[in-house]
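Tertiary structure, described
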Amino acid sequence: MNANKIYPWYFSSGAIVLYILFIVAPALLGIYYSFTDWNSYSSEKNFVGLEHFRTILAGDPTYLLFIKNTVLFTLVTSIAKTVLGLFLALLLVSGVKAANLHRMIIFSPQVLSFLIIGLVFKSLLDPNNGFVNVTLRSLGLDFLAQNWLGSLTWAMPSIMAVDTWKGMGYIMVLFIAGLLAIPRDYYEAASIDGAGFWQKLFKITLPMLMPTITIATVLNITYGLRVFDAVYVLTNGGPGNATDVINTAVYSSFAKGYWGLGSALSTILFVIMAIISFFIIRLMNRKVEF
C-alpha cells in the first residue's frame, strides 16, 4: 500500500543527477583544491593541508579585513532590508491608493542588473558632478558633500545603501504575501478587545509573520555573504582594500592564478554561510512556536 503512495523516485532522478554534476561535485572539488597549492604557474598540485587557511585566518591581516567587511555588509543590509521591507509592506496593505503601482515601482530595481544600477549610482555619487553633491551644494550644505565611493569612511556605507535600495522591494513582496495570508478574524477580534496598532503588530502580525521573517532573513544573509557585484561595480574593492569582501578576494585570487587559495576562501565562505543559516533557522523556528 505504501509503495503505491510513494512518488516514483525516478521522476526526480534527472534533476538529482544534474544537481550532483553541476552543484555538488564542483563544490566538493573546490573543497579538495583548497588543501592544495593549485595555481596557474605549475602543472603540479601538491597537498599543503591547512596552509591556505592559516594564511587567511592568521597569516595575512588583509584577509581578516575581507571577512570583517563581508560580515558587516551582511549584518547591516539584512537588518535594513528587513525593516524597510516590513515597513513598506505594512504601508501598502493598509489601503493606500494605487498600492499596486507603488509595489511595482518599489520592486522594479530588483529586476535590473547591478551593472546598470552601479553605473547609475556611480554617476549620482560622483564627488564633483554627481547629482547628490550638486544638490547638497545648491542647498548650501557643502559640508555634507562627500567623496561617497572614494572615501575610506563613506565607501562601504554607500555600497550598503545602494544594495538596500535595490533589494528591499523583493523583501517587501515576501512580507506582503505573508501579511495577506494572516486571517482578518484575528485583527477584528483584537479591535473588539480594544487593541491598538502596536498591540496588533507585536501580538498578531509579527508572530504570524515569523515564518516569512525566517525566509527573508536567510535570503538576506546568504546574499550578503555572497555579495560580489555591488562591490565590484561600485568600487572594485577600493579605496585600497576598504570595501573588499570575500568574493572579491576570491575573484582576485583566481585572476592572479592562485586557485588553491581562492578555493580556500570559498570554503571559508561556505562554512560561515552554513553555520549562520543553521542557527538562524533554529532560532526563528523556536520563536514560531508561540
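Residues numbered from 1 in each chain as written. Predicted model: local features only at pLDDT ≥ 70, side-chain atom pairs only at ≥ 80, totals over all residues. Heavy atoms only, no water.

An unreviewed UniProt entry annotates the protein chain as Raffinose/stachyose/melibiose transport system permease protein of Paenibacillus tundrae. Per UniProt, the protein chain carries the Subcellular location (unreviewed entry) text "Cell membrane". (UniProt positions renumbered as here; feature names shortened; annotations may be inferred.)

Let's talk about the packing of aromatic side chains
Per the stated rule, a full pass over the model turns up 15 aromatic pairs. On the basis of an interplanar angle of 45 degrees and a centroid distance of 5.3 Å, the ring pair of Phe35 and Phe53 is categorised as tilted. Taken together, the positions of Phe35 in the loop between α2 (13-33) and α3 (51-59) and Phe53 in helix α3 put the pair 18 residues apart, joining distant regions of the chain. When its relative accessible area of 24% is taken as the criterion, Phe35 is described as partly exposed. Phe53 sits in the buried class, given a relative accessible area of 14%. A centroid spacing of 5.5 Å and a plane angle of 50 degrees characterise the contact between Phe228 and Tyr251, whose relative ring orientation is tilted. Taken together, the residues Phe228 in the loop between α10 (197-225) and α11 (229-234) and Tyr251 in helix α12 (residues 246-255) connect sequence positions 23 residues apart. Owing to a relative accessible area of 25%, Phe228 belongs among the partly exposed residues under this scheme. Take Tyr251: its relative accessible area is 43%, and that puts it in the partly exposed class. (Phe/Tyr/Trp six-rings, centres within 6.5 Å; stacked < 30°, edge-to-face > 60°. Helix = DSSP H or I, 4+ residues; strand = E, 2+ residues; numbered from the N terminus. Buried < 20%, exposed > 50% of the residue type's maximum accessible area, 1.4 Å probe, protein only.)

Let's talk about the UniProt feature "transmembrane region" (unreviewed entry) in the protein chain
The positions UniProt marks with the feature "transmembrane region" (unreviewed entry) are residues 7-35, 71-93, 105-125, 167-183, 204-225 and 258-281. Taken as a whole, residues 71-93 contains 96% helix and 0% strand, while its terminal C-alpha atoms sit 33 Å from one another. Overall, residues 258-281 shows 96% helix and 0% strand. The separation of its end C-alpha atoms is 35 Å.

Observations concerning the nonpolar core
If you look at the biggest cluster of nonpolar residues, it comprises 21 residues, and the most contacted ones within it are Ala89, Met172, Phe175, Ile182, Leu209 and Ile213. Mapped by element, the contributors of at least two residues to this core are α4 (61-92), α8 (155-180), α9 (184-192) and α10. Sorting elements by how many residues they give to this core places α10 first, with seven residues. Once residues within four sequence positions are removed from consideration, Phe175 is found in contact with Thr82, Gly85, Leu86, Ala89, Leu209, Thr212, Ile213 and Ala216. Core analysis: the next-biggest nonpolar cluster, separate from the first, contains 18 residues, Phe53, Ile56, Phe66 and Ile268 among them. (Core = buried A, V, L, I, M, F, W, Y, C linked by side-chain atoms within 4.5 Å. Contact = heavy atoms within 4.5 Å.)

Some thoughts on the environment of Gln110
Along the chain, Gln110 falls in the loop between α5 (99-107) and α6 (114-124). Exposure remark for Gln110: the relative accessible area of 27% places this residue in the partly exposed category. In this structure the C-alpha to C-alpha distance between Gln110 and Glu51, which are 59 residues apart in sequence, comes to 40 Å. Setting aside anything within four residues of it in sequence, one finds Gln110 in contact with Lys166, Gly167 and Tyr170.

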